[in-house]
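Remarks on the overall topology
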Amino acid sequence: MRLACCTALLFLLRLVLGLPWLQVIPAVLIFYLGTGGHAFLRVFVKTLGRDLHAAYVLLNVKLNVNRHVRERNTVPKIFAKMVQKHGDKKALIFEGTGESWSFRELDAYSNRAANFLLQRGFRSGDVVAVFMENSAQFVGLWLGMAKIGVEAAFINFNLRLQALEHCINISNAKAVVFCSELSEAICEVHPSLGKTVSMFCCGNWDPQRLPKGTEHLDPLINSASSRQPSQPDRCFTDRLFYIYTSGTTGMPKAAIVVHSRYYRMAALVYYGFRMTPEDVVYDCLPLYHSAGNIVGVGQCLLHGMTVVIRKKFSASNFWDDCIKYNCTIVQYIGEICRYLLNQPVRPSERQHRVRMALGNGLRQSIWEEFTNRFGVRQIAEFYGATECNCSLGNFDNKTGACGFNSRIAPYIYPIRLVRVDEETMELIRGPDGVCIPCKPGEPGQLVGRIIQNDPLRRFDGYVNETATNKKIGRDVFKKGDSAYLSGDVLIMDEYGYMYFKDRTGDTFRWRGENVSTTEVEGTLSRLLDMKDVVVYGVEVPGVEGKAGMAAIADPTHGTDLERFASDLDKALPAYAQPVFLRFLPEVDKTGTFKFQKTNLRRDSFDPNVVSDRLYYRDPVSRRYTELTEALHRSIVSGKQKL
């Protein structure tokens, strides 16, 4: 029976992937020999359909990418075909004003933006920083820039002062385009920008509130020609724009996005989750981020779908918007799903046409609660980062999983979980110097083999070369190779499903056990009625490892500590329960709903530094007591044992 299954798989893999026998046969034989009898048959039957769909998706995207490379296509050239095909169809709907742009109107606006920039002397390879809130104009501007080879640098509109100055300057931008709502932030950093940097403001025009020399962009674009501009000789692997990392552990880094990467990220989602041009996407994510601008808007530009853009995420208006615009797919990221669950029950949350929620970061602890309450049939959870080459997708709606890799033919897609040191999170290598792959059930860092001449496997890195080198590991799969280091710890089950566990920098060790901050955050938030919770490890003098600490958003002081301590004993093992608590009005988050932990770790549990309420869990009474200066001194001196 196993022999028949293997033979069938050989033909199917060759047929779908077009791989030579020398690659297919060893992969299947290794798996066949490494498992026995029913184990192989169970995995084969359970995952064959899933793996064949993934093989089809990879093959389809790979063939398309290779064709675009040969034809020297770009994102604007692919969009031009969508304009021909869907000219009068709605491309973008901006919820903020209710205005909608057809594909033809979006094309015309981007042409005017491109022609204006050409008139002003901008040329292929120049960089323009875009510091704007979500809008249809945002998309039209960067698309126009791409048509003439100008590279946009998308700046997080939440940044201010040093971080904002840093992002603009490291991009070497020749100009900054900003919306009037952010004029104050621009005025604060303008003296620190180069004198040759041009400033353009769109939206409400008030020269008194703008840096000297700023020009009003809207009339300049409106008066430009809407004819197709002459396009430079760009190719599919040239730079398109820059997206900055969230900066949760320091200053943001500018990740390079080339045309082929933009296509790959959008296409893998489109084909993997079986989307159609008739779908309508609700995109409430920031457009300076890859989830909003590539995974979301990319479905419009590359596949002809209608995308509804919202200025900012609103939990109270979420389902009403979906009903109003007949959305079939909604996007989420980070904590958005938890915020929706925290809303009071209302009829609109079951009256929509949404069939799929697409995103990453949905905690397993609320996965089924979300689908059951809102009637969303499919959670299209994926794993990926702007710069990574090891994306994953949960194509078959497996609860809690962020993706998978084949257990039948694991070498088809060159990714792997590799062992890391439990304390330092450094890569562990075998006697041959190569990284050690993880077994099912064993946590490890996700890595992806880098093949620079393959658009699907390349790693383009960051503007900063030092930052790029830090994300590359050597001798990972075999001697002499290189691989992208994701920095994320995942776990794979026996069927190859992957589950996100933590960031390598967030996991900490306490009482001889590894503590996943992501898992503990999810549990604590559920116990505290979906409050924002950040978990991190803090050092205690003379004590091995790091003690768990939780920062909890509690502006009304409504947390029942006695009940909370009792619930913790039932929900978490002792080593994972936070030793220290910090209650604060709100928790700092990035624009993509990731928690900021750097300052919290630095403050630690010192009441002389922290003005918020602090508590310590007494190991004898198992209750949380107020952390006074005297108790802090006792803990630090070692008199009070943990």
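It should be emphasised that the depicted structure is a prediction, and the values quoted were computed from it without experimental measurement.

Our focus in this paragraph is the overall build of the protein. Within the protein, the regular secondary structure consists of 19 helices and 28 strands. In terms of C-alpha radius of gyration, the protein reaches 26 Å, essentially the compact-globule figure of 26 Å for 642 residues. Taking the principal axes of the C-alpha coordinates as reference, the protein spans close to 75 × 70 × 55 Å. Put simply, the protein has 642 residues, and 59% of those count as buried. Summarising the internal contacts of the protein: among those between residues at least 6 apart in sequence, 68% fall at separations of at least 24. Summed over its atoms, the accessible surface of the protein is roughly 26,800 Å², and 50% of this surface lies on carbon and sulfur atoms.

We now examine helix α7 (residues 161-170). Three or more residues of α7 are buried, namely Ala 163, Leu 164, Cys 167 and Ile 168. Relative to the axis of α7, the buried residues are bounded by an arc of 130 degrees and lie together on one face. Along its buried surface, α7 packs onto β3 (127-131), β5 (175-179), α8 (183-189) and β8 (239-244).

Assignment of secondary structure puts Lys 597 in the loop between β26 (580-584) and α18 (598-603). For Lys 597, a relative accessible area of 6% translates into the label buried. Among the polar contacts listed, one links the side chain of Lys 597 to the side chain of Thr 517, at a separation of 3.2 Å.

What follows deals with the sheet that holds strand β11 (residues 306-309). Read from one edge of the open sheet, eight strands run β2-β1-β11-β10-β12-β13-β14-β15, paired in mixed fashion. Two strands lie at the open edges of the sheet, namely β2 (100-102) and β15 (392-393), each paired on one side alone. Alignment of strand β1 (residues 90-94) against β11, held across three bridges, turns out to be parallel. In the strand pairing of β11, Leu 92 is matched with Val 307. In this fold helix α11 (residues 290-303) packs onto β1, β10 (280-283), β11, β12 (329-333), β13 (356-360) and β14 (378-383), with an angle of close to 165 degrees to the strand it touches most, β12.

Before going further, it helps to examine the pattern of salt bridges. Under the criterion given, the structure shown has 31 salt bridges. Between Asp 569 and Arg 617 there is a salt bridge; the shortest N-O distance is 3.3 Å. You can see Asp 569 sitting in helix α17 (residues 561-571) and its partner Arg 617 sitting in strand β27 (residues 613-617), a full 48 residues away along the chain. Of the residues examined, Asp 569 reaches a relative accessible area of 42% and is grouped as partly exposed. One connected set of salt bridges, linked through shared partners, spans Arg 582, Arg 602, Asp 603 and Asp 612.

A word on the side chain of Glu 349. Among the secondary structure elements, Glu 349 is positioned in the loop between α13 (336-341) and β13. The residues contacting Glu 349, other than those within four sequence positions of it, are Trp 319, Pro 344, Arg 373 and Phe 374.

Right, let's talk about the packing of helix α5 (residues 103-119) against helix α6 (residues 136-147) for a bit. Relative orientation of the contacting elements α5 and α6 amounts to 55 degrees, with a least axis distance of 7 Å. Put simply, α5 runs oblique to α6. Seen from above, α5 lies across α6 with right-handed handedness. Residues Leu 106, Asp 107, Tyr 109, Ser 110, Asn 111, Ala 113, Ala 114 and Leu 117 of α5 lie in contact with α6, whose contacting residues are Gln 137, Val 139, Gly 140, Leu 141, Leu 143, Gly 144, Met 145 and Lys 147. Here the residues of the contact of α5 with α6 are counted per class, giving nine nonpolar, five polar and two charged.

Moving on to the packing of aromatic side chains. Overall, the coordinates contain 27 aromatic pairs when judged by the stated rule. Judged by centre distance (5.1 Å) and plane angle (85 degrees), the rings of Tyr 270 and Tyr 271 are edge-to-face. Taking the ring centre of Tyr 495 as reference, the NZ or CZ of Lys 46 above it sits at 5.4 Å.

Judged by how many residues are buried, β13 sits mostly within the fold: five of five residues are covered. Pairing geometry for β12 and β13, over five bridges, is parallel. Following the sheet pairing, Ile 329 is matched in β13 by Met 356. On the question of chirality, the crossover connecting β12 to the parallel β13 by way of α13 is right-handed. Summarising the sheet, β13 and β14 pair through four bridges and their orientation is parallel. Within the sheet, the bridge partner assigned to Ala 357 lies in β14 and is Ile 379.

Rules and cut-offs
Residues numbered from 1 in each chain as written. Predicted model: local features only at pLDDT ≥ 70, side-chain atom pairs only at ≥ 80, totals over all residues. Heavy atoms only, no water. Helix = DSSP H or I, 4+ residues; strand = E, 2+ residues; numbered from the N terminus. Rg over C-alpha atoms; globule rule 2.2 N^0.38 Å. Buried < 20%, exposed > 50% of the residue type's maximum accessible area, 1.4 Å probe, protein only. Contact = heavy atoms within 4.5 Å. Areas by Shrake-Rupley, 256 points an atom, 1.4 Å probe, with all protein chains shown as cover. Arc of directions from axis to C-beta. Polar contact = N/O pair within 3.5 Å; in protein donor to acceptor, adjacent residues only side chain to side chain. Pairing = 2+ DSSP bridges. Axes fitted to C-alpha atoms, helices over the stretch in contact; angles between N-to-C directions. Salt bridge = Lys/Arg side-chain N within 4 Å of Asp/Glu carboxyl O. Parallel < 35°, antiparallel > 145°, perpendicular 65-115°, else oblique. Left-handed = near helix turned anticlockwise from the far one by under 90°. Nonpolar A, V, L, I, M, F, W, Y, C, P; charged D, E, K, R; others polar. Phe/Tyr/Trp six-rings, centres within 6.5 Å; stacked < 30°, edge-to-face > 60°. Lys NZ or Arg CZ within 6 Å of the ring centre and 35° of its normal. Right-handed = clockwise from strand over helix to strand, strands pointing away.

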